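Listed here are the chains, written in short residue letters.
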Amino acid sequence: MTRASSTAGCASLRHEARAGLLGRLIVALACALVPGSLLFAWEYQPMPGEPGGHGMVVGDFDGDGVHEVAVAGVESLPDRADGAAVFAVLDGTGAQARVRAVAKGAFLVADDALWRADGKDGRDRVVTTVWMTEHYQSWLAILTGIPLHAERLIAPPAPHELIRVTAVADVDGDGAQEAVVILKRPDYVFVPAILDLETGAAKWIGDMPTGQVVVAQLDGDPALELVVAGTPGLVIDGATGWQDWSWAGGFGGGLLAGAFGSGGRDAFAAWAEGGLLQVFGGYPYAPVNEIPGQDWDVKRLSVRLDPVGPERIAVMGRQAMQFFDALTGNSVHDPLPGGAGNFLIEDITGDARREVLYGPSAGAMDGCEFPDGAAPGQLDPFAATLRMINLDGGHCRLWLADSGTHAAVVRGPLGGPGTDEVATFSRGDVLSVIDATTGKLRRFRSDLFETLSRPLSRPPRIALARRIGGMPSLILAAQLPMPGLPVMAVDSVSLQVRWRAADSDLGGVAAVSSIDLDGDGADEVIVATARSQLLVLDGETGERLRESVGDAYGYQADMVVFPDGQGGARAVVTADERRQLRLVDLSTMDVLQQSVDVTDIIALRQWGTGADCRLAVLDAAARITLRDCATLAVQGDLQAPAGTVFLHELDSEGTRFLIAAGEHFHELGADGVATQLSGALGPGLARDNAGDVRILPGGQGLEVTAGSDVLVTLQRFGPDPVFADGFE
Amino acid sequence: MTLGVLLIACAASVNAADWVHYPSLSAPARAAMVVGDFDGDGRHEAVLSGLASARQGDPETTLLGVLGGQADALRLRSVTPLAEAFRHGSAARGQAADGTSFVVTLSAFDTGHVEVFAGVPLHRVHTVEVPGLTRVEAVATLDGVHKIVGLMRESDPPLATYPAVIDLASGAVEWMGTAPAVTVAVAALGSDGAPKLVIGGTPGLVLDASTRALEWTWAPGFGSEIVVGDFGPGGTPGFAIRNNYEDFRSRVDIFRGQPYARIRSLERPDTLERIVTVPQPGAVGDFIGLAERVPGEPDRGELSSYLPATGQLARTLSLGCGTPVALAVGAIDASGEPRLVYAGSRGPRLCVADLTTGTPLYESIGENGPFAAVARGDVGGAGNEEVVAVGRTSVESSYGPTLRVLDGATGEVLRSVRSDYGSGSYTLPFIALAQLDADSQLEVIVAQGGSAMGEWWIEVRDGLTLQQEWERTRIDQGFPTALSTADVNADGVTDVLVLSDRARLVVLDGRDGTELWRSIALPASPAGGLASFDRAGTPQVAVGVAQGVYLIDLAARTFTANLAVDGAVIGVRKWQGPGGCRIGVITAAPRLSVHACDTLAPLAEYPLPLMPTAFWPLGNTDGHFLLAGEGKLHELRPDGVLATMPRVLGNQLAEGNQGSVRLLADGSQVDALIGSDYLVARLRLGLDDLFTGNFEVQP
């Protein structure tokens, strides 16, 4: 693709200000946009589901000298029961930690831990075990950058299977780091192994059955020692693989190594029966202490609480996190709240004070600060969060876990006249309102569909409905596994529910929209069910006013709603499982036209009124057909790139479109050439043709607000300065 | 070094018992009690059934005990384990031609397995199967041949039983009555002196025992218990019947022999338990004795003796062991006087009382074994070797186990004390001797679990007075699994080492029980072992538990070596081997291994063909051991051959690797002090040279 081709047909800006739907100004952008012409953008990065549940680790992943926290969560996808790994990077720059980037991998983290590895380019790496669905086995993953992305995915040495990474360190003392892993042999025995971190080649594979290994410097040679759980417990020299020591009593699960031994030397601890933590010193090896059990059977860390002296053992129980001197068993710090997930203790915010990060956490939220100081509305009290508190107590900060997709967005004066806000409703059943100017979270709530923090089974829909003399309503729709409340109206300021459409036969709402059908200035709500039945609901009460005939079967539908130019309105709805277009008069609910010359409709887009009314239909083959709104007759077509899910016209004739394919926005020219406009914005970008596109006045480009599986963004693109103003 | 172990099924080793002490019988006479002269010494002995009550999960041994006294005091002279359970069995005494008695047992209600025991100790002389036999009621000599008189069932289901006469030698049923019966007795009731069968039923019958000709009937019937005695006029033979009414009241009918007639009836309230024939020393005829409960006094019973002719109460004896649930009369002690032998309802206990005055002469509270916790030394400080032994618990919950000091030479009980704590169902007691103070007598250290988990008892008693010097309770979870001693704090006084159920070594100051140190918890297992020793002047202890052996420097309080072994550790022992200090370990693999004391490096290993409970080195050796296991002792020879000594010594033999074994000076005999679930024995065992060199070795 060349710039010339991408800008063919660029003409002077032609303003076609017409009275648009919802009062929106439709402006044709005649001049081409260009790559790199991003004028402004913000990205709101929600915390992924189960934040930290698949591990957390601190490192400098972008090489800027400042540490970040990588947090592994999960997004359970509608079409994949096991979900996908989502990595959030918590940026500690400044006193306020914030989510800096979230990225989704094409795999699932197969363990609950992330490990930091040194990168030769000054950027730390994250090492973990990921489940490769297509290979049906776990691989070693090395991630880098912000957002974190897979740099290398390494298969385990055949015929072994990789179970988990248990440490990353220069185990053999050769100056390069290795991954200490647990492998499964073909005879189903788990054994320890040392893998080259660059190639994944096995440097050593032990023959002792074990489920856990930790590493520590326990003697005088340069190599580290592997402490191998099992009965007997073993200490193995990391360079030679020879057994340095064995303990007949065995090392139980929950092995922990750290500099908590005598004089701050490395030591290790193992869980024993009865909730005992037994501490073993290095050479000459021997048990040195036993800390009696309490409520701490969950997680433990070796942490440095003081600038000098030994590290301490932090043990998190469900009720409390406690800190012990390993050699005396004495408590060395006031207990902190407990939990059931991972935790780490670091100076995350760079204020020289340590914070404790719980991931995930489900504790009380009272008194905690949310991102951007946003005000929480009603929240599921059991919702998972990433929690950060100061080690010395106080200052609780929370990030609510929020599974994507976040594509369902709507933009408008949600906070009242003169405001400009973006509402996004996620599969995590979280409704968030973001300032469209700054991208900061203003208010949010969860549990609208009472899913108890389980993600909705399908991507939800959102629409905005105007009301007379009041704040608009956000219309939310979701497909629930059981009959219930698939459509509701929520006050756009208070986020309180105004009404719920309670009819159980509404189950399977596929799309929602709004339009003023009776000219009273308030919108009615139009619902398309999964069986392509159209419902007209009173926007103020949710009362069903009328309905069309639907199909006997169907699993998904889409629709567009537009004025008919005669005071009424029409809708085009997909039918027959997206193999048919149906034009419906929303006043009579009569079907005016049907078209069967389409297959696998992905998205509908309508613009213009009267004779200029156009309908663009995107199908699974990425073919865009332009149709007459009244007859549905095909007037032209255009080929879009494969994977296109979103389209918005850039001129009134429908010769150029803004499209989303993959993780990027593109400009699709009349010649079918697509020019990438944006950077990677996450998979599932503008899914279901959801998003808000505004042509900026004065030829200043356009603004698109959309969401993906990992973020919500506003991107403002400028026109190509070379070709602007009548060149050609 | 690993040697294969071959098993010699029955090595004819010479062995002789120095003495055997039988601490008690649980559930005495629950199934049977008979009196007779079983050893032919002219005095009676009481043979009674009992149980060696073991810990939950351990096998329960059924015993036949012989209670009697010769020149010495009344005691359990012998206890013979039975192969089968005897809970619902029955027994009767027979009389051999030489006048000695023997006992015929039916081991259970319907097994038909009849055994004949004779002698003291009782030994099995005959076995016969009599299918359908449900009770042995008497043994009669008819025409010079021993017959079982009993009850048989004709077919399934056993709705009714019938009287029967069975040839004891062959088990052949010679006669079976046609009318159902509930009991049958044999008595010489006629002027001809011939034995008659008195058959309990309705009507009651008297038949000639030889011809089975009907001699008399009693239409109202004979009840469930018949005793024979000289109840008739002028002391002629008669019999008495106990009949129970539906409202639990009883009536005792007393009958004379030919001419048959009822001569007296005694109506009793619901207090009557048993009836017994009570001889009248120096007078003609017998009393009829009624053993009864004393209302409102559960710990006391009474035996009232009545004149059969008049029904006049002759005397009443107060019985301190409670209501007799089984009783007999016999001249079982050196006095030659008839004594009342009874199992009293308190416990129950086994008691003997003077039949005239009621004076208690013997009382034994049932104890639960095993009695493997034994040790020996100059306990009393008088220069004599004495043995200390303790069982697990008393069968009466209000009493604890009894600690006994026995004469090392004779096994005679010198001193005893009963603890006042209840011990647990699963716990194994441990015992040790040590000098913990300035007096000459040793201290006895007993470690035992209490009746509740975590309720420990570590008590130290003066060996002479048996007064408690100190005790510690609730030291750790569970209960103790091993006991040893060592001077840990170098104060010149031995300290107490105990291994807890959580496999934690706890060191208590020998002076007062103050805790000096406790180790980390090792993997817990139900058994373990401790072996303390001295290395270069510092106390060490080898701890064996679960599948590991751990060496602890007690002075530095650090683990210095450890070793994983194959199988759960059963016992650990230290001795001086040919090249220095040795630690031996027996495991449930089963295996015996020998290790160097300082490093636990393996020196020898012997797979074993049986599950051991204890082992002892026989001298300065890495390959010659005495083993206890499966109720017997075995000699593991240097060539790996295991020679089993035939004598059955009981379950849980030397359990907890307890006991004391010494190789005598000439190396051919072993002096072994061991305990099992029903005995404490000091045995001198000859090591049989015939079977060395693979003679008669079976692979």
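Residues numbered from 1 in each chain as written. Chains lettered and ligands numbered in written order. Predicted model: local features only at pLDDT ≥ 70, side-chain atom pairs only at ≥ 80, totals over all residues. Heavy atoms only, no water.

**Section: the overall build of chain B**
- From N to C terminus, chain B includes zero helices and 59 strands.
- Taking the principal axes of the C-alpha coordinates as reference, chain B spans close to 90 × 55 × 45 Å.
- Within chain B, buried positions represent 61% of all 699 residues.
- Sequence-distant contacts in chain B: of pairs separated by 6 or more residues, those separated by 24 or more amount to 44%.
- Surface exposure of chain B reaches about 25,000 Å², of which carbon and sulfur atoms provide 50%.
- Averaging the positions of the 51 positive and the 79 negative side-chain charges in chain B gives two centres separated by 3 Å. (Helix = DSSP H or I, 4+ residues; strand = E, 2+ residues; numbered from the N terminus. Buried < 20%, exposed > 50% of the residue type's maximum accessible area, 1.4 Å probe, protein only. Contact = heavy atoms within 4.5 Å. Areas by Shrake-Rupley, 256 points an atom, 1.4 Å probe, with all protein chains shown as cover. Lys, Arg positive; Asp, Glu negative; His and termini not counted. Charge placed at Lys NZ, Arg CZ, Asp CG, Glu CD.)

**Brief notes about the overall build of chain A**
- Helix and strand content of chain A: one helix and 58 strands.
- Contacts in chain A between residues far apart in sequence, at least 24 positions, make up 46% of those at least 6 positions apart.
- Here chain A displays about 27,000 Å² of accessible surface, and carbon together with sulfur accounts for 51% of that area.

**A few points about the sheet that holds strand 46 (residues 538-545) of chain B**
Residue and element names in this part refer to chain B.
- As summarised here, the arrangement of the four strands in space is 45-46-47-48, forming an open sheet in which the pairing is antiparallel. Whereas interior strands pair on both sides, the edge strands pair on one side only; in this sheet they are strand 45 (528-535) and strand 48 (558-564). Strand-to-strand twist in this sheet, taken as the mean axis angle between neighbours without regard to direction, amounts to 20°.
- Two elements, strand 46 and strand 47 (residues 548-553), share six bridges in a ladder whose sense is antiparallel. Bridge pairing in strand 47 links G544 to V549. (Pairing = 2+ DSSP bridges. Axes fitted to C-alpha atoms, helices over the stretch in contact; angles between N-to-C directions.)

**Observations regarding the pairing of strand 38 (residues 443-449) of chain B**
Residue and element names in this part refer to chain B.
- Along strand 38, seven of the seven residues are buried, which leaves the element largely enclosed by surrounding structure.
- Taking every second residue as pointing to the same face, both faces of strand 38 are buried, with E443, I445, A447 and G449 on one and V444, V446 and Q448 on the other.
- The pairing of strand 37 (residues 430-434) with strand 38 spans five bridges and is antiparallel. Residue pairing across strands places L433 opposite V444, the latter belonging to strand 38.
- Pairing analysis gives seven bridges linking strand 38 to strand 39 (residues 456-462), with the strands arranged antiparallel. Its bridge partner being in strand 39, I445 is matched across the sheet by V460.

**A short note on the pattern of salt bridges**
Residue and element names in this part refer to chain A.
- On inspection of all chains with the given rule, the structure shows 79 salt bridges over all chains.
- The salt bridge partner of K184 is E161, with a shortest N-O separation of 3.8 Å. Linking K184 in strand 12 (residues 178-184) with E161 in strand 11 (residues 161-169), this pair joins segments that are 23 residues apart in sequence.
- The class of K184 is buried, set by a relative accessible area of 17%. (Salt bridge = Lys/Arg side-chain N within 4 Å of Asp/Glu carboxyl O.)

**Quick notes on the packing of aromatic side chains**
- This structure, assessed with the given rule, holds 31 aromatic pairs over all chains.
- Aromatic side chains W131 of chain A and Y136 of chain A sit 5.1 Å apart centroid to centroid with 75° between the ring planes, which places their arrangement in the edge-to-face category.
- For W131 of chain A, a relative accessible area of 24% gives the class partly exposed.
- Its relative accessible area of 66% is what places Y136 of chain A among the exposed residues.
- Between F425 of chain A and F449 of chain A, the aromatic rings sit 5.7 Å apart at their centres with planes inclined by 35°, giving tilted as the arrangement. In this pair, F425 of chain A sits in strand 33 (residues 421-425) while F449 of chain A sits in the loop between strand 35 (441-446) and strand 36 (461-465), placing the two residues 24 residues apart along the sequence. The residues F425 of chain A and F449 of chain A share a single accessibility class, namely buried.
- Joined through ring pairs, the aromatic side chains of W245, W247, F251, F268, F280, Y283 and Y285 of chain A together with Y550 and F559 of chain B make up one cluster.
- Looking at R573 of chain B, its charged tip hangs above the ring of F615 of chain B, at a distance of 5.8 Å from the centre. (Phe/Tyr/Trp six-rings, centres within 6.5 Å; stacked < 30°, edge-to-face > 60°. Lys NZ or Arg CZ within 6 Å of the ring centre and 35° of its normal.)

**Brief notes about the nonpolar core**
- Core analysis: the biggest nonpolar cluster contains 42 residues, and L67, W616, L626 and L633 of chain B have the highest contact counts within it.
- Other than its neighbours up to four places away in sequence, L67 of chain B contacts E45, A46, L48, R75, L76, I332, V341, L350, V352 and Y362 of chain B.
- Judged by nonpolar contacts, the second largest core, of 36 residues, contains A216 and F251 of chain A together with L554 and F559 of chain B. (Core = buried A, V, L, I, M, F, W, Y, C linked by side-chain atoms within 4.5 Å.)

**Quick look at the side chain of R415 of chain B**
Residue and element names in this part refer to chain B.
- Inspection of the secondary structure assignment puts R415 in strand 36 (residues 413-418).
- Given a relative accessible area of 17%, R415 falls into the buried group.
- A polar side-chain atom of R415 sits 2.8 Å from a polar atom in the side chain of E386.
- Those residues in contact with R415, other than ones at most four positions away along the chain, are V379, G380, E386, L403, R404, V405, G463, L464 and L466. (Polar contact = N/O pair within 3.5 Å; in protein donor to acceptor, adjacent residues only side chain to side chain.)

**Points about the interface of chain A and chain B**
- With 15 residues of chain A at the interface, the matching set in chain B holds 16 residues.
- Between chain A and chain B lies a buried interface of about 1,100 Å² when both sides are counted; carbon and sulfur atoms form 57% of it.
- The tally of links from chain A across to chain B stands at one salt bridge.
- Across the salt bridge formed by E290 of chain A and R504 of chain B, the nearest N and O atoms sit 2.0 Å from each other.
- Summed over the shared surface of chain A and chain B, the number is six residue pairs in polar contact (both at pLDDT 80 or more).
- Going through the elements one at a time, strand 18 (243-247), strand 21 (276-281) and strand 22 (286-291) of chain A are the ones with two or more residues in the side of chain A that touches chain B.
- Of the residues forming the side of chain A that touches chain B, the biggest block, four residues, is contributed by strand 22 of chain A. (Buried area = accessible area lost by both parts, 1.4 Å probe.)

**Overview of the pairing of strand 34 (residues 430-435) of chain A**
Residue and element names in this part refer to chain A.
- Where burial is concerned, most of strand 34 is hidden: six out of the six residues are buried.
- Neither face of strand 34 is open: one carries V430, S432 and I434, the other L431, V433 and D435, and all of them are buried.
- Where strand 33 lies against strand 34, five bridges are found, and the strand directions are antiparallel. Bridge pairing in strand 34 links E421 to D435.
- Counted between consecutive antiparallel strands, the loop separating strand 33 from strand 34 contains four residues, among which D429 sits at a positive phi close to 65°.
- Examined bridge by bridge, strand 34 and strand 35 share five bridges and lie antiparallel to one another. By the bridge assignment, V430 is partnered in strand 35 with S446.
- Here strand 34 folds back onto strand 35, and the loop between the two strands holds five residues, one of which, G439, carries a positive phi near 80°.

**A word on the sheet that holds strand 12 of chain A**
Residue and element names in this part refer to chain A.
- Ordered in space as 11-12-13-14, the four strands form an open sheet in which the pairing is antiparallel. A single partner strand is all that each edge strand has here, and the edge strands are strand 11 and strand 14 (202-205). Shown here is a sheet whose adjacent strand axes are inclined to one another by a mean of 25°, direction ignored.
- Where strand 13 (residues 190-196) and strand 14 come together, three bridges link them in antiparallel fashion. The residue of strand 14 that forms the bridge with L195 is A202.

**Overview of the confidence of the model for chain B**
Residue and element names in this part refer to chain B.
- Model confidence for chain B is summarised by a mean pLDDT of 89, while 93% of its residues fall at 70 or above.
- By mean pLDDT, strand 1 (residues 6-8) is the weakest element of chain B at 41, and strand 32 (residues 373-377) is the strongest at 98.
- Taken as a whole, residues 1-16 scores under 50 in pLDDT and shows 59 contacts with residues more than four places along the chain or in a different chain.
- Within the model, the stretch residues 689-699 combines pLDDT values under 50 with 16 contacts to residues more than four positions away or in other chains. (pLDDT = per-residue confidence, 0-100.)

**Some remarks on the environment of E653 of chain A**
All names here are of chain A.
- Within the secondary structure, E653 sits in the loop between strand 52 (644-649) and strand 53 (657-661).
- With 493 residues separating them in the primary sequence, E653 and H160 have C-alpha atoms 60 Å apart.
- Here S652 takes part through its side chain, which lies 3.1 Å from a polar atom of the side chain of E653.

**Thoughts on the environment of D244 of chain A**
Residue and element names in this part refer to chain A.
- Position of D244 relative to the elements: it lies in strand 18.
- A C-alpha to C-alpha distance of 7.6 Å links D244 and L234, two positions 10 residues apart in sequence.
- Setting aside chain neighbours within four positions, we find D244 in contact with D219, E225, V235, I236, D237 and Y285.

**Overview of the confidence of the model for chain A**
Residue and element names in this part refer to chain A.
- Predicted confidence across chain A gives a mean pLDDT of 87, with 90% of residues reaching 70 or more.
- Note on residues 1-28: pLDDT is under 50 here. Beyond four places in sequence and across chains, it has 63 contacts.
- Confidence over residues 722-728 falls short of pLDDT 50; this stretch has 10 contacts with residues more than four positions distant or in other chains.

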